[in-house]
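Secondary and tertiary structure notes
The residues making up each chain are set out below.
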Amino acid sequence: MTSPDRISVAQPMLDGNELRYITECIETEWISSAGAYLEKFEAAFAEFAGTRYAVACANGTVAIHLALTALGVGPGDEVLVPTLTYIATANAVRYCGATPVLCESDARTLNIDVDDAAAKVTGKTVGIIPVHLYGHPADMDPLNAIAKKHNLWVLEDAAEAHGAQYRGRQCGSLATAGTFSFYGNKIITTGEGGMVTTDDPDLHGQLTLLRGQGMDPKRRYWFPVAGFNYRMTNMQAAVGLAQLERVQAFLEHRQRLATWYGKHLAELSGFLSLPFTETWAHHVYWMYTIILNEEFTDQRDALMSALSNDGIETRPVFFPLHIMPPYYEAESSFPVAERLAASGINLPTHGRITESDVKRVAASIKELSSTNAALKAS
Ligand SMILES: Cc1ncc(COP(=O)(O)O)c(C=O)c1O
């Protein structure tokens, strides 16, 4: 339970039909991984994402692993991933015995640097996983062009980008397949949960086969392949459907919230930059992310602690993968990703934030930044 005057960084909104639908699962005793809500949620999500198929699964990490396995990724393969992402993107590649090849970030969108990705393609590369970080789409056309040239697949990691658009098209529908997360802090949630989206009927067949231990759909308890239990439950799907009924309102609120932050933080341009949006992008602001100007990078952690003391919860931008033990690369340098990671802060971004909350956050940052500037000057 958060105290009433504490502003949390993320928070679910479960006050629609969630309780009613989940109660129905219990009353009808359809609580496991079969049931009407699963079918409804998958159909509604496919429509939302603009794809032919949507395959619900246990979380966003296994959604990536399931997609990679269905795409045939295995030992010896290389997969291009941005170094600046949540670790699950790379972990899923490693679960397949393949190697994530880390790429630099674009300074403005925070997403995979397309030129660096092109330069990292080798004879072992099988695919690219662009991540639509914090809700801003990656630059998909050039990535799809690289893939076409080298006969690669592209898997969109849209865990943070429900409803985001690239040149007017929904994220999750822009490549070979897409994956989503429904963790409690996401734009819509099922508690834990994930989804794979695709237009490809063969891939859809592989995804559903592998999700259910590999059981032959026409022959019960006959397993032509070794699959996984990566299924979602009907109860999670019930919550997901109720969330999806209100997703447009959730997305609209995030646009308002970004306008408020833009307005109230505008005068701090000497201290920080606001999130950038490409002309071709519809940014959904899963996390409203500010980047401190270079000379203030070393103030980032102190600022976050001070905000916390003022009752404002924030998050640091992800550490780049190449500096953490599982993916450590002593020889590599990704200066853009490193700078974004060292100076970026995710501000409170969720459905219950009001303009007065935003004003409070901005006032707090303003006060602390002027103290910091004074400290710098002395
Ligand atoms: C970019 C990215 N990929 C993958 C995931 C994994 O999703 P989950 O936490 O549902 O396993 C997340 C979730 O936080 C994410 O942010």
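In case you missed it, the structure is sitting above this.
Heads up: these notes are all about the structure in this document.

What counts as what
- Residues numbered from 1 in each chain as written.
- Predicted model: local features only at pLDDT ≥ 70, side-chain atom pairs only at ≥ 80, totals over all residues.
- Heavy atoms only, no water.
- Pairing = 2+ DSSP bridges.
- Helix = DSSP H or I, 4+ residues; strand = E, 2+ residues; numbered from the N terminus.
- Axes fitted to C-alpha atoms, helices over the stretch in contact; angles between N-to-C directions.
- Parallel < 35°, antiparallel > 145°, perpendicular 65-115°, else oblique.
- Left-handed = near helix turned anticlockwise from the far one by under 90°.
- Contact = heavy atoms within 4.5 Å.
- Nonpolar A, V, L, I, M, F, W, Y, C, P; charged D, E, K, R; others polar.
- Core = buried A, V, L, I, M, F, W, Y, C linked by side-chain atoms within 4.5 Å.
- Buried < 20%, exposed > 50% of the residue type's maximum accessible area, 1.4 Å probe, protein only.

What follows covers the sheet that holds strand β7 (residues 169-170). Judged by pairing direction, the sheet is antiparallel, and its 3 strands sit side by side in the order β7-β6-β11 without closing on themselves. Single-partner strands in this sheet number two, and they are β7 and β11 (281-282). Alignment of strand β6 (residues 165-166) against β7, held across 2 bridges, turns out to be antiparallel. Bridge pairing in β7 places Y166 opposite R169.

Quick look at the packing of helix α3 (residues 60-70) against helix α4 (residues 88-95) now. Working note: a packed helix pair is described by the angle between its axes plus the distance between those axes. Interaxial distance between α3 and α4 falls to 9 Å at its minimum, and their mutual angle equals 40°. Taken together, the axes of α3 and α4 are oblique relative to one another. Regarding α3 and α4, the two cross each other, and that crossing is right-handed. Here T61, I64, H65 and L68 of α3 lie close against α4, whose contacting residues are A88, T89, A92, V93 and Y95. Of the residues that constitute the contact of α3 with α4, the class distribution is 6 nonpolar, 3 polar and no charged.

Attention now goes to the nonpolar core. Ranked by size, the top nonpolar core spans 95 residues in total, and within it F41, F45, L68, I129, L143 and V196 carry the most contacts. Those residues in contact with F45, other than ones at most four positions away along the chain, are A54, H162, F180, F182, I188, M195, T197 and L244. Counting residues in each nonpolar core, the second largest holds 27 residues, with W260, L268, I290 and A306 among its members.

You can see R20 is positioned in helix α1 (residues 18-28). Spatially, the C-alpha atoms of R20 and I353 are 25 Å apart, while their sequence positions differ by 333 residues.

All right, on to the sheet that holds strand β14 (residues 344-347) then. Read across the open sheet, the 4 strands follow the order β10-β12-β14-β13; overall the sheet is antiparallel. Two strands bound the open sheet, and with one partner strand each, they are β10 (272-273) and β13 (315-316). The pairing of β13 with β14 spans 2 bridges and is antiparallel. For P316, the partnering residue across the bridge sits in β14 and is I345. Its contacts with the sheet put helix α11 (residues 335-343) on β12 (288-292) and β14, and the angle it makes with β12 is roughly 105°.

Relative orientation of the contacting elements α3 and helix α7 (residues 201-211) amounts to 120°, with a least axis distance of 9 Å. As summarised for this structure, α3 and α7 are arranged oblique, according to the angle between their axes. Read as a crossing pair, α3 and α7 show a hand that is right-handed. Along its contact with α3, which presents L66, A67, T69 and A70, the element α7 presents L203, Q206, L207, L210 and R211. For the contact of α3 with α7, the class distribution of residues is 6 nonpolar, 2 polar and 1 charged.

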